[in-house]
Amino acid sequence: MGGLTMEPAFVQAPEHRPKPTVTEATGIPVTDVDALAAEVGAASRDWGFFVVVGHGVPAGTVARATAAQRAFFALPAERKAAVRRSEAEPLGYYESEHTKNVRDWKEVFDLVPRDPPPPAAVADGEVVYRNKWPEDLPGFREALEEYTNALEELALKLLELLARSLKLRPDRLHGFFKEHTSFFRLNHYPPCPAPEVVLGVGRHKDPGALTVLYQDDVGGLDVRRRSDGEWVRVKCVPNSFVINVGDTVQVWSDDRYESAEHRVSVNSEKERFSMPYFFNPASGAIVEPLEEVVSEEKKPPRYSAYSWGDYFSTKLNGNFKWLDVDNLQIADFRKSYSSGDVP
Ligand SMILES: O=C(O)CCC(=O)C(=O)O
Ligand SMILES: [Fe+2]
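Residues numbered from 1 in each chain as written. Chains lettered and ligands numbered in written order. Predicted model: local features only at pLDDT ≥ 70, side-chain atom pairs only at ≥ 80, totals over all residues.

1. With respect to the sheet that holds strand β5 (residues 107–111)
What holds strands together in a sheet is hydrogen bonding between their backbones, with the strands either parallel or antiparallel.
Working step 1: Ordered in space as β1-β11-β8-β13-β6-β5-β2, the seven strands form an open sheet in which the pairing is antiparallel. Both outer strands of the open sheet, β1 (49–52) and β2 (92–94), are each paired with one neighbouring strand and no more. With strand direction ignored, the average angle separating the axes of adjacent strands in the sheet is 20 degrees.
Working step 2: Bridge count for strand β8 (residues 210–215) against strand β13 (residues 272–279) is six bridges, and the pairing is antiparallel. Bridging across to β13, Tyr-214 finds its partner in Met-275.
Working step 3: Helix α4 (residues 140–165) rests against β5, β6 (183–189), β8, β11 (241–245) and β13 of the sheet, and its axis sits at about 130 degrees to β8. (Pairing = 2+ DSSP bridges. Helix = DSSP H or I, 4+ residues; strand = E, 2+ residues; numbered from the N terminus. Axes fitted to C-alpha atoms, helices over the stretch in contact; angles between N-to-C directions. Contact = placed C-beta atoms within 7 Å.)

2. Concerning the site of ligand 1
Working step 1: Arg-185, Asn-187, Val-201, Asp-206, Leu-213, Gln-215, Leu-221, His-262, Val-264, Ser-274 and Pro-276 make up every residue found near ligand 1.
Working step 2: Only β6, β8, β12 (262–265) and β13 provide two or more residues apiece to the shell around ligand 1. (Near = placed C-beta within 6 Å.)

3. Concerning the sheet that holds strand β9 (residues 221–224)
Working step 1: The sheet built from four strands is open, its strands ordered β7-β12-β9-β10 with antiparallel pairing. For this open sheet the edge positions go to β7 (199–204) and β10 (231–233), each flanked by a neighbour on one side alone. Shown here is a sheet whose adjacent strand axes are inclined to one another by a mean of 30 degrees, direction ignored.
Working step 2: Taken together, the three bridges between β9 and β12 define a ladder with antiparallel strand orientation. If you follow Leu-221 over to β12, its bridge partner there is Val-264.

4. Observations concerning the packing of helix α2 (residues 59–73) against α4
Working step 1: For the pair α2 and α4, interaxial distance at closest approach is 8 Å and the crossing angle is 135 degrees. Taken together, the axes of α2 and α4 lie oblique to each other. Seen along the crossing, α2 lies across α4 with a hand that is left-handed. For the pair α2 and α4, contact is made by Thr-61, Arg-64, Ala-65, Ala-67, Ala-68, Ala-71 and Phe-72 and by Phe-140, Ala-143, Leu-144, Glu-146, Tyr-147 and Ala-150, respectively. (Parallel < 35°, antiparallel > 145°, perpendicular 65-115°, else oblique. Left-handed = near helix turned anticlockwise from the far one by under 90°.)

That's the geometry; what it means functionally is another story.
What follows is the structure, given as structure tokens:
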């Protein structure tokens, strides 16, 4: 049989010979990678939010970034003002952001993970996205660059799970992120004397694909629960990241996943720090419901296609106040014939 002929050389010693019946091992676990993706899918559908642990971002990388964040916000006001953002150069420090025309109780520092190449010439009134680094703050830039590199890797892993959860090829969404327009923000919410009438960030949705947020143990991020519209607090889990899917994922998934409304409450005793990494597509990406998702639904797509770059720059309104403007929303691309069957 198969070229083999039975001969004495094959014969095992009696103690090594198999018993005629063998017990089946019941303890060996069966792991299904798709089960993890399914969990991500269910969370994205029911909440638009989930919390990840075991994410692979080294604790030292996070610790260096949070130390850099605290050191920066502890600087005297005039040193922070030295890297303040302007209309022409909207990255850097800012303490007067508004969400829906009400001022947020916070100060921020914005940067892009990779400096885009400097334009050969800047036309009058053209906005320049160049990072501003504070002087004499040793290790600040290095710590944040190390952190954003790690976060890019994590965001790509999460993107893969999201694709799997929609029954797509794991790398199906990666092409949208070559030269991505992600940006990174440091938030500082000082103690507030009137937390019952003030918010750290007013209610909003994030426009991009995924937000990967690191928060300290103070708490304050509130999500609008889909089932009853109630505002509920996201629990602080040590060494975790809070993930929320943005409007882009809502459109790709043709409303299977929800970009949930959220806000930040402040408190009178403790300052709070958080660091959102906004993972956004490339500016040339065309955003529309994915054809695989749509064909499975056997219904026309709920949104028409739009360009991420145009959409984002309109939202930024030349002023980086993207949380502020309601001038353009994904709802504007929602097709009217389907408006009756969506919440
Ligand atoms: O600080 C937080 O917990 C969330 C901040 C946020 O939602 C944002 O900056 O878009
Ligand atoms: Fe947000």
